[in-house]
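For reference, the chains in residue letters:
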Amino acid sequence: MPRPIALRLAAAAGAGYVAGLLPSAELAAKAAGAGDIRSLGTGNPGAANAIGQLGKGWGYAVLAGDIGKSIAAARIGKRIAGDTGSHVAATAAVAGHCYPATKGFRGGKGVATSVGQCAATFPAYFLPDLALAAVTGAAPWWKQRAHMATTISALMWTGAATVWWRRGWSNLWGPTPTAALPVAAATTSAMMLQRFQAEKGAVRAFLEAEAADDQATDHQATDHQATDHQATDHQATDHEGAS
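Calculation rules
Residues numbered from 1 in each chain as written. Predicted model: local features only at pLDDT ≥ 70, side-chain atom pairs only at ≥ 80, totals over all residues. Heavy atoms only, no water. Core = buried A, V, L, I, M, F, W, Y, C linked by side-chain atoms within 4.5 Å. Buried < 20%, exposed > 50% of the residue type's maximum accessible area, 1.4 Å probe, protein only. Helix = DSSP H or I, 4+ residues; strand = E, 2+ residues; numbered from the N terminus. Salt bridge = Lys/Arg side-chain N within 4 Å of Asp/Glu carboxyl O.

**Q** Looking at this structure, how should I read the nonpolar core?
**A** As a rule of thumb, soluble globular proteins bury nonpolar side chains together. Within the largest apolar cluster, ten residues are counted, these being C118, F122, Y125, W157, A160, A161, W164, L181, A185 and M192. Looking at this core, the elements with two or more residues in it are helix 8 (146-167) and helix 9 (180-242). Of the residues forming this core, the biggest block, four residues, is contributed by helix 8. Formed by nine residues, the second largest nonpolar core is a distinct cluster that contains A25, A29, I37 and V62.

Here it is, written out as structure tokens:
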């Protein structure tokens, strides 16, 4: 690869990574007065945890921010290094979101950021990808199997990218399909799956804590009911004695 092209691609990657560092969830949590999003819920600084802990308004703002930063990265990358630079920068934005150097390389899972990447670099597949995400996100069975759903989505995205490249199909407003399209999709998919695997323990601990809180609440409610019942019995006994 000629040196000027390599330098431009490196610059695109750097710009994309910096864009990915934008801490949408942390900024939203502070604006909402909720403190550090990493200490709330699952501790994940992503849109899903933000929706659960901050509410839909702030959560969807985080979602938009995470999608937007990879779209912006793709556009910047294209200006720096052409179509391939668009893929490089968008993928780097996902890397910045998932592995932020400013946070000890512990970031989000990259789902929303990958949506922005798909919209910017593979718009021909964006609607099918969005439809698949909507179906798996709405169905309770799939919600409990998020890692499996993400794996299927990643395989379909990478597979479609490969087909578009090999057949030379139209990519709407996105870059002309080249080998960079499936390589970028596969790279982002690998990052997302690794983050999902890494977050399994935190999600499991959060769900177990929620279940324990529910059990404690139920137990307290049962104790209150028993106390109220005993008080009623005492009142009835006192009434009978007075009679």
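**Q** Help me out: how do you make sense of the pattern of salt bridges in this one?
**A** A side chain with one charge may pair with a side chain of the opposite charge, provided their charged atoms come close. As enumerated under the stated definition, the model contains five salt bridges in all. The closest approach of N and O atoms between R195 and E199, which form a salt bridge, is 2.8 Å. Highlighted residues: R195 and E199, both in helix 9, separated by four residues, approximately one helical turn. Here R195 falls in the buried class, since its relative accessible area comes to 6%. For E199, a relative accessible area of 4% corresponds to the buried category. Linked through salt bridges whose partners overlap, the residues forming this network are E26, R38 and K103.

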